[in-house]
Amino acid sequence: MTYTEAAELLRRQDNILILTHRRPDGDTIGCAVGLRAALRELGKTAWVLPNADATALFTPYLEGYLAPEGFSPDFVVSVDIASRGLFPDNAKCWLEKGVDLAIDHHGSNEGFGKENCVDPGRAACGELIYDIVRQWGPVSPTAALPLYLAVSTDTGCFVYSNTTSGTHRVAADLLDTGIDYRSVNKRHFRTKSFKRLRLESMITEGMDLFDNGTIAIAAVTLDMMKALDAHEEDAEDIAAFAGQIEGVETAVTIRELRPGECKLSVRTSAGLNASAVCALLGGGGHAAAAGCSVMGTVADAKAAILDAIRRIQQG
């Protein structure tokens, strides 16, 4: 359905629960908080389902917005969730009961919702939520700040290739509400912990380059995190790091989540379809940014993703 139809559907509901994805980023958190704020302004009862994976980088945005224990919703919405595998453990029950409305911007979206509002042309799901919210009237600063978080983080502060003129127009409208966007930019784009700097050094030392330096495969292992006593917030958006190296067109970041399980992020800038690459390993996403999981060691994950890249390169 279109965003106008989604807005009308939401307007008719109450007692709403909003779901975010596993290992939540700024887009899913910002969408959930912004949507909840706007629904409350309509007089609706709406809450965000607690997400145990949320790091200290994002938990402040969720304060006062999390569903109380025992809340029983009449309508369930997912935001920025493309696949069933991205549902947190405490949200998987809604895959069986049914997600009433799925709002997303991934072309690989599985269409698991009873109704689906999916627009792959949006740089961030936050753009789509913004268009939904503004159907109900002017976007308030309370809703605008988390939506700015969503749009800015999913575009790397408007430098990723997914950024469009529409993205900038949404951001400008959000800034016009008077939000403190400077604090968001400082927190998420201009601040790094010392542990993060050391982690980047270790990643660089162990990075593999292929095809004359146009492909970079980097790994963040459990041993590296342990050696630094690093936490999840120290590794936030680490997938963007390898792509900053001059000459790199395809950047792969492997996160060892636990022994025998790795999460992979693929980002491209020169035509290789990242979603197609990750689809070969059961994942998906966007043409320029996608992800998947590999059961096995970091070495297994490196071999699997390089083979997938070669297969897509060869057509």
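As annotated in an unreviewed UniProt entry, the protein chain carries the name DHHA1 domain protein and comes from Pseudoflavonifractor capillosus ATCC 29799.

Q: What's the story with the overall build of the protein chain in this structure? I'm lost.
A: Looking only at helices and strands, the protein chain features 12 helices and 11 strands. In summary, the protein chain has a C-alpha radius of gyration of 19 Å against a globular reference of 20 Å for 315 residues, a match within 12%. Based on the C-alpha atoms only, the size of the protein chain along its principal axes is roughly 55 × 40 × 40 Å. Burial statistics for the protein chain: of 315 residues in total, 51% are counted as buried. Contacts in the protein chain between residues at least 24 apart in sequence constitute 67% of all its contacts with a sequence separation of at least 6. With an accessible surface of roughly 14000 Å², the protein chain has 49% of that area assigned to carbon and sulfur atoms. For the protein chain, the separation between the mean place of its 30 positive charges and that of its 41 negative charges on side chains is 2 Å.

Q: How do you make sense of helix α2 (residues 26-41) when you look at a structure like this?
A: At 3.6 residues per turn, the α-helix brings residues three or four places apart onto the same side. Here α2 spans 22 Å end to end across 16 residues, near enough to the 22 Å set by a 1.5 Å rise per residue. Of all 16 residues making up α2, 14 are buried, and the element is well covered by its neighbours. One or two steps after α2, the chain reaches G43, where phi turns positive at roughly 90°.

Q: Quick question: what am I supposed to make of the sheet that holds strand β4 (residues 101-104) here?
A: Through backbone hydrogen bonds, the strands of a sheet pair up, either in parallel or in antiparallel fashion. Strands sit in the order β2-β1-β3-β4-β5 across an open sheet of five strands; the sheet is parallel. Two strands lie at the open edges of the sheet, namely β2 (46-48) and β5 (115-118), each paired on one side alone. With direction set aside, neighbouring strand axes in the sheet form an average angle of 20°. Where strand β3 (residues 75-79) and β4 come together, three bridges link them in parallel fashion. Each residue of the ladder has a partner; that of V77, found in β4, is L101. Most of the contacts of α2 go to β2, to which it runs at about 165°, and overall it touches β1 (16-19), β2 and β3.

Thresholds, definitions, all that
By convention here, each chain's residues receive numbers from 1 onward along its written sequence. Predicted model: local features are reported for residues with pLDDT of at least 70 only, side-chain atom pairs are reported and counted for 80 or more only, and whole-chain, interface and lining totals are derived from all residues. Only hydrogens and water are removed before side-chain values are computed, so all heavy atoms of the structure are retained for them. Secondary structure counts use DSSP, requiring at least four H or I residues in a row for a helix and at least two E residues in a row for a strand, with both numbered from the N terminus. We take the radius of gyration over the C-alpha atoms and set the globule estimate at 2.2 Å times the residue count to the 0.38 power. The rule is simple: take the accessible area with a 1.4 Å probe, protein chains only, and divide by the maximum for that residue type; under 20% is buried, over 50% is exposed, in between is partly exposed. By the convention used here, residues are in contact when the closest approach between their heavy atoms is within 4.5 Å. We get accessible surface area from the Shrake-Rupley algorithm with a probe of 1.4 Å; when it comes to residues, only the shown protein chains can shield them. In this tally Asp and Glu are treated as negative and Lys and Arg as positive; neither His nor the chain ends contributes. To locate a charge, take NZ of a lysine, CZ of an arginine, CG of an aspartate or CD of a glutamate. Here the expected span of a helix is defined as 1.5 Å times the quantity of residues minus one. Here the rule is simple: two strands pair whenever DSSP picks up at least two bridges between them. A fitted line through C-alpha atoms serves as each axis, taken over the contacting stretch for helices, and the angle formed by two N-to-C directions is quoted from 0 to 180°.

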